[in-house]
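So the chains spell out like this:
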Amino acid sequence: MELTLRTLAMPADTNAAGDIFGGWVMSQMDLAAAIRANERCNGRTVTIAANEIVFKQPVKVGDTLCVYTAVDQVGRTSMVIRIEVWARRAYTALREKVTEARFTMVAVDAEGKPRAVDTPAV
């Protein structure tokens, strides 16, 4: 797993209970999956599935969200990116795994049509 994205959870990202929205966390995961997939195929990718998302712990305002990724599988046009999200709790050194998932990404060409992962983008 490689650290792919780090960001700070802010008050604007909370729900009515004061916790960070799960949707905000998912969007950070999607960004990290895209970064890893785009690097792997040297071009643009799109998300086609977010699978097995498990929320283990809440994320709080002030936590630093650390998103780690790994390429688990590569097919002809798609790849599966494994994601782990860890929170470094605000003002402490405590780190907790908060979320994990597998995102399926598809390599696409300039017209948005699927292309082979190992073919350079034009």
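Residues numbered from 1 in each chain as written. Predicted model: local features only at pLDDT ≥ 70, side-chain atom pairs only at ≥ 80, totals over all residues. Heavy atoms only, no water.

We count it as follows: UniProt positions are given in the numbering used here, feature names are shortened, and annotations may be inferred rather than shown by experiment.
An unreviewed UniProt entry annotates the chain as Acyl-CoA thioesterase of Paenirhodobacter huangdaonensis. Taken directly from UniProt, the Sequence similarities (unreviewed entry) text for the chain runs: "Belongs to the acyl coenzyme A hydrolase family."

Examining the environment of P58
Heads up, the condition is: A run of DSSP states H or I qualifies as a helix once it reaches four residues; a run of E qualifies as a strand once it reaches two. Both are numbered from the N-terminal end. Each residue gets one of three labels from its accessible area relative to the maximum for its type: buried under 20%, exposed over 50%, partly exposed in between, using a 1.4 Å probe on protein chains only. In what follows, a contact means two residues having at least one pair of non-hydrogen atoms within 4.5 Å.
For P58, the position within the fold is in the loop between β2 (45-55) and β3 (64-74). The partly exposed category is assigned to P58, whose relative accessible area is 40%. With 38 residues separating them along the chain, P58 and I20 place their C-alpha atoms 7.1 Å apart. Those residues within four positions of P58 in sequence are excluded, and the remaining contacts are D19, R89 and V98.

Looking at the pattern of salt bridges
Counted only if it meets this: Only one rule defines a salt bridge in this text: a Lys or Arg side-chain nitrogen within 4 Å of an Asp or Glu carboxyl oxygen.
Across all of its chains, the model carries 11 salt bridges by this definition. Notably, a salt bridge pairs R102 with E52, separated by 3.8 Å at the nearest N-O pair. With R102 in strand β5 (residues 95-107) and E52 in strand β2, this residue pair connects regions lying 50 residues apart in the sequence. The exposed category is assigned to E52, whose relative accessible area is 56%.

Quick word on the sheet that holds β3
The following threshold applies: Pairs of strands are assigned from DSSP output, requiring at least two bridges between the strands. Whenever a helix is involved, its axis is fitted only over the stretch in contact; in every case the axis is a line through C-alpha atoms, and angles between N-to-C directions fall within 0 to 180 degrees.
Strand order across the open sheet formed by five strands is β1-β3-β4-β5-β2, with antiparallel pairing between neighbours. The open sheet has two free edges, formed respectively by β1 (2-8) and β2, since each of these has just one partner strand. On average, adjacent strands in this sheet sit at an angle of 25° to one another, irrespective of strand direction.

As for the UniProt feature "domain: HotDog ACOT-type" (unreviewed entry) in the chain
As annotated in UniProt, the feature "domain: HotDog ACOT-type" (unreviewed entry) corresponds to residues 1-111 in the numbering used here. Here residues 1-111 is 18% helix and 48% strand, with 31 Å between the C-alpha atoms at its ends.

Here's the deal with unusual backbone geometry
The phi dihedral of E52 is positive, around 55°, even though this residue is not glycine. You will see that Y91, though not glycine, has its phi angle at about 60°, which is positive. By the element assignment, Y91 lies in the loop between β4 (78-88) and β5.

Re helix α1 (residues 22-41)
The line we're drawing: Multiply 1.5 Å by the residue count of a helix minus one, and that product is the helix's expected span.
The end-to-end C-alpha distance of α1, which contains 20 residues, comes to 28 Å, matching closely the 28 Å that a straight helix rising 1.5 Å per residue would cover. Residues of α1 that are buried: W24, V25, Q28, M29, A32, A33, R36, A37 and C41.

Focus on the side chain of T69
Note the following rule: Definition of a polar contact: a pair of N or O atoms within 3.5 Å, with one able to donate and the other able to accept a hydrogen when the atoms are protein atoms, and with sequence-neighbouring residues admitted only if both atoms are side-chain atoms.
Mapped onto the fold, T69 is located in strand β3. At 2.5 Å, the side chain of T69 and the side chain of T4 are in polar contact. Residue contacts for T69: discarding those within four places in its chain leaves M1, E2, T4, A32, A33, R36, I81, R82 and I83.

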